Amino acid sequence: MWLRQNDSMSSTSTPLSTSSAVYLARLHRARDSMQRAGVDALLVSVGSDLPYLTGYEAMPLERLTMLVVPREGEATLVIPGLEAPRVTAQPGVFTVRPWGETDDPVAIVAGLLPRPAVAAIGDTMWARFLVELLGHWPSATTGFVRSTTVMNDLRMCKDAAEIAALHAAGAAVDRIAAQLQAGEIPLVGRTEAEVSAELSRRILAEGHDVVNFAIVAAGENAASPHHHPGSRVIRQGEIVLCDFGGTMNGYCSDITRCVHTGPVPADIAEAYAVLHAAHAAGVAAGVVGAACHDVDRAARRVITDAGFGQYFIHRTGHGIGMEAHEDPYMVEGNALPIAAGHAFSVEPGIYLPGKWGMRLEDIVVATADGPLAMNAANHSLVVL
Ligand code: ZN
Ligand code: ZN
Ligand code: ZN
């Protein structure tokens with residue numbers, strides 16, 4: 001669960017610094033994928049596929065930036081001339097084709113390739129560029145598919161450098177969770193919004209480049225999974241749900257912990273024990289070869305068996321990486337087999353409308369040796 005405080009298109013963060021060899025290997029895998037999918041050209045514009053393939057994150061401007069990857073032959077980064085100084089040359093990976101203020105960048109892109117039979121278009125490319133491209137490559141001769149056809153398997157299976165980045169981001173939010181659980185972040189008497197602002201400051205202080213969200217929901221507000229922290233003052237004797245994360249070196253963190261101000265009533269303690277068991281079951285189900293929905297089923301079964309099934313009102317998890325939410329999703333109906341390197345959240349919740357809510361969330365990476373948690377903060381409902 002999360003709310004973006006920054007529009008993702010306007011947030012900037014430094015992509016993971018990796019060597020040309022890494023980008024070359026990724027482009028190679030993308031081309032293999034293009035071959036399998038019968039795609040002749042991959043066109044990637046703003047969004048996370050571009051830094052994934054090149055290390056360069058484009059400003060989401062009206063001026064076109066586009067990586068053009070033919071199935072064979074050299075990749076070209078078509079880029080506004082004034083942005084060219086921001087691009088680190090990647091000899092052997094791609095060449096840079098800057099364009100000037102009076103050029104037609106879409107014509108430049110179209111000129112790099114004869115009409116491809118099938119072009120894969122970046123999901124987050126602005127529609128205006130695709131519309132203009134259709135003028136050069138009519139749909140009668142060029143078939144268009146989503147770039148996920150080519151990129152999804154690559155993006156889902158994190159390599160060692162990506163897992164290290166997720167681990168570092170996870171460790172950073174773990175430290176904030178520990179600060180919360182140690183009572184170092186005052187709660188009672190402050191508004192949710194004030195605590196959210198403090199969490200955001202700490203997300204940056206612990207090394208993130210961007211704050212993506214910092215949900216703080218007290219008492220009955222915690223029953224709304226996407227609660228927007230507001231003027232509600234946190235009181236003694238209630239649950240406080242905190243779900244926060246950011247982007248560090250291009251990779252995202254996302255953690256949820258609940259604390260209780262004052263002694264925990266028996267009904268909440270009982271429900272939390274169920275939640276904790278559901279979380280453990282969900283994590284344990286996240287093994288290579290299991291289906292994504294097995295993670296959801298494992299967590300949901302525990303909650304349903306305890307009689308809270310109707311109060312677990314969302315999927316169990318989402319993939320995470322360069323995006324806070326990305327494939328694969330841990331949701332009923334997603335039979336995709338979990339593969340080594342898949343990174344995803346396990347975040348069951350129980351929400352009693354008008355009363356309270358609770359959620360417990362860690363990021364997990366599936367490995368050949370079993371699920372590997374990116375978070376290690378205390379799972380208990382800590383009493384403050
Ligand atoms: Zn979350
Ligand atoms: Zn999440
Ligand atoms: Zn646990």
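Quick caveat: nothing in here was measured; it's all calculated off a predicted structure.

1. Digging into the packing of helix α1 (residues 20–37) against helix α5 (residues 148–156)
So, step 1. Interaxial distance between α1 and α5 falls to 9 Å at its minimum, and their mutual angle equals 130°. In terms of axis orientation, α1 runs oblique to α5. Every pair of crossing elements has a handedness; the one defined by α1 and α5 is right-handed. Residues R26, R29, A30, S33, M34 and A37 of α1 touch α5, and the partners they reach there are T149, V150, M151 and L154.

2. Brief notes about the environment of G349
So, step 1. Looking at the secondary structure, you find G349 in strand β14 (residues 349–352).
So, step 2. On the basis of relative accessible area, G349 is assigned to the buried category, the value being 0%.
So, step 3. For G349, the residues in contact, after removing those within four places along its chain, are L275, I303, Y311, F312, H314, M358 and R359.

3. Comments concerning helix α3 (residues 105–112)
An α-helical turn contains 3.6 residues, so a residue and the one three or four places further along point in the same direction.
So, step 1. Three or more residues of α3 are buried, namely P105, V106, I108, V109 and A110.
So, step 2. Of the surrounding elements, those touching the buried residues of α3 are β1 (41–44), β2 (66–70), β3 (75–80), β4 (94–99) and α4 (127–136).

4. A short note on the coordination of the zinc ion (ligand 2)
So, step 1. Note on the zinc ion (ligand 2): its protein donors are D254 (OD), H318 (NE2), E347 (OE) and E361 (OE). The metal-donor distances range over 2.0 to 2.2 Å.
So, step 2. Viewed at the metal, the four donor atoms of the zinc ion (ligand 2) are separated by angles of 82 to 163°, and the geometry they form is irregular.
So, step 3. Here the donor residues for the zinc ion (ligand 2) map to a single chain with the spacing D-x63-H-x28-E-x13-E.
So, step 4. Taken as an interatomic distance, the gap from the zinc ion (ligand 2) to the zinc ion (ligand 1) is 3.1 Å; D254 donates to each of them. Linking D254 in the loop between β9 (251–252) and β10 (255–260) with E361 in the loop between β15 (356–359) and β16 (362–367), this pair joins segments that are 107 residues apart in sequence. The pair formed by D254 and E361 is uniform in burial state, with each residue classed as buried.

5. A short note on the sheet that holds β4
So, step 1. Across the sheet, six strands lie side by side as β4-β3-β2-β1-β5-β6; this open sheet has mixed pairing. Each end of this open sheet is capped by a strand with a single partner; those strands are β4 and β6 (143–146). Each neighbouring strand pair of the sheet contributes to a mean axis angle of 20°, computed without reference to strand direction.
So, step 2. Where strand β5 (residues 118–121) lies against β6, four bridges are found, and the strand directions are parallel. Bridge assignment links A119 to a residue of β6, and that residue is F144.

6. Let's talk about unusual backbone geometry
So, step 1. The amide bond that connects D327 to the next residue, P328, takes the cis arrangement and shows omega of 0°.
So, step 2. With respect to the secondary-structure elements, P328 resides in strand β12 (residues 326–330).
So, step 3. Even without being glycine, N249 reaches a positive phi, approximately 50°.
So, step 4. Among the structural elements, N249 can be located in the loop between β8 (239–248) and β9.

7. What to know about the state of the cysteines
So, step 1. Applying the stated rule across the entire model yields zero disulfides.
So, step 2. As a non-bridged cysteine, C242 has C258 as the owner of its nearest cysteine sulfur, 7.7 Å distant.
So, step 3. Note on C242: relative accessible area 0%, which makes it buried.
So, step 4. Here C252 is not disulfide-linked; the sulfur of C157 is the nearest cysteine sulfur, at 18 Å.
So, step 5. The class of C252 is buried, set by a relative accessible area of 2%.

8. Quick notes on the nonpolar core
So, step 1. Within the largest apolar cluster, 38 residues are counted, with the highest numbers of intra-cluster contacts made by L42, L53, L67, L77 and V150.
So, step 2. Here this core gathers at least three residues from each of two domains, domain 1 (20–155) and domain 2 (157–383).
So, step 3. When sequence neighbours within four positions are dropped, the list of residues in contact with L53 reads Y23, R26, L27, A30, L42, V44, L67, V93 and M151.
So, step 4. In terms of nonpolar packing, the next biggest core, distinct from the first, is built from 22 residues, A222, I239, L241 and L275 among them.

9. Quick word on the pairing of β10
So, step 1. In terms of residue burial, β10 counts as a mostly covered element, since six of its six residues are buried.
So, step 2. Bridging between β10 and strand β18 (residues 382–383) involves two bridges; their strand directions are parallel. Within β18, the position partnered with V259 by the bridge is V382.

10. A few points about the packing of helix α8 (residues 266–284) against helix α9 (residues 292–305)
So, step 1. At their nearest, the axes of α8 and α9 sit 8 Å apart, and the two run at 160° to each other. By the angle between their directions, the pair α8 and α9 is classed as roughly antiparallel. In this structure, the crossing between α8 and α9 has a hand that is right-handed. Residues V274, A277, A278, A281 and G282 of α8 form the contact with α9, whose own contacting residues are V295, A298, A299, V302 and I303.
So, step 2. Here the contact of α8 with α9 is composed, by residue class, of nine nonpolar, one polar and no charged.

11. Some remarks on the confidence of the model for the chain
So, step 1. Averaged over all residues, the pLDDT of the chain equals 93, while 95% of them reach at least 70.
So, step 2. Low pLDDT (under 50) marks residues 1–14, which in the prediction has 54 contacts with non-local residues, meaning those over four places away or in another chain.

Thresholds, definitions, all that
- Residues numbered from 1 in each chain as written.
- Chains lettered and ligands numbered in written order.
- Predicted model: local features only at pLDDT ≥ 70, side-chain atom pairs only at ≥ 80, totals over all residues.
- Heavy atoms only, no water.
- Axes fitted to C-alpha atoms, helices over the stretch in contact; angles between N-to-C directions.
- Helix = DSSP H or I, 4+ residues; strand = E, 2+ residues; numbered from the N terminus.
- Parallel < 35°, antiparallel > 145°, perpendicular 65-115°, else oblique.
- Left-handed = near helix turned anticlockwise from the far one by under 90°.
- Contact = heavy atoms within 4.5 Å.
- Buried < 20%, exposed > 50% of the residue type's maximum accessible area, 1.4 Å probe, protein only.
- Donors = N, O, S within 2.8 Å, 3.2 Å for Na, K, Ca; no water.
- Tetrahedral: all angles 85-135°; square planar, octahedral: opposite > 155°, others 65-115°.
- Pairing = 2+ DSSP bridges.
- Disulfide = S-S within 2.5 Å.
- Core = buried A, V, L, I, M, F, W, Y, C linked by side-chain atoms within 4.5 Å.
- Domains from an automatic or database assignment.
- Nonpolar A, V, L, I, M, F, W, Y, C, P; charged D, E, K, R; others polar.
- pLDDT = per-residue confidence, 0-100.

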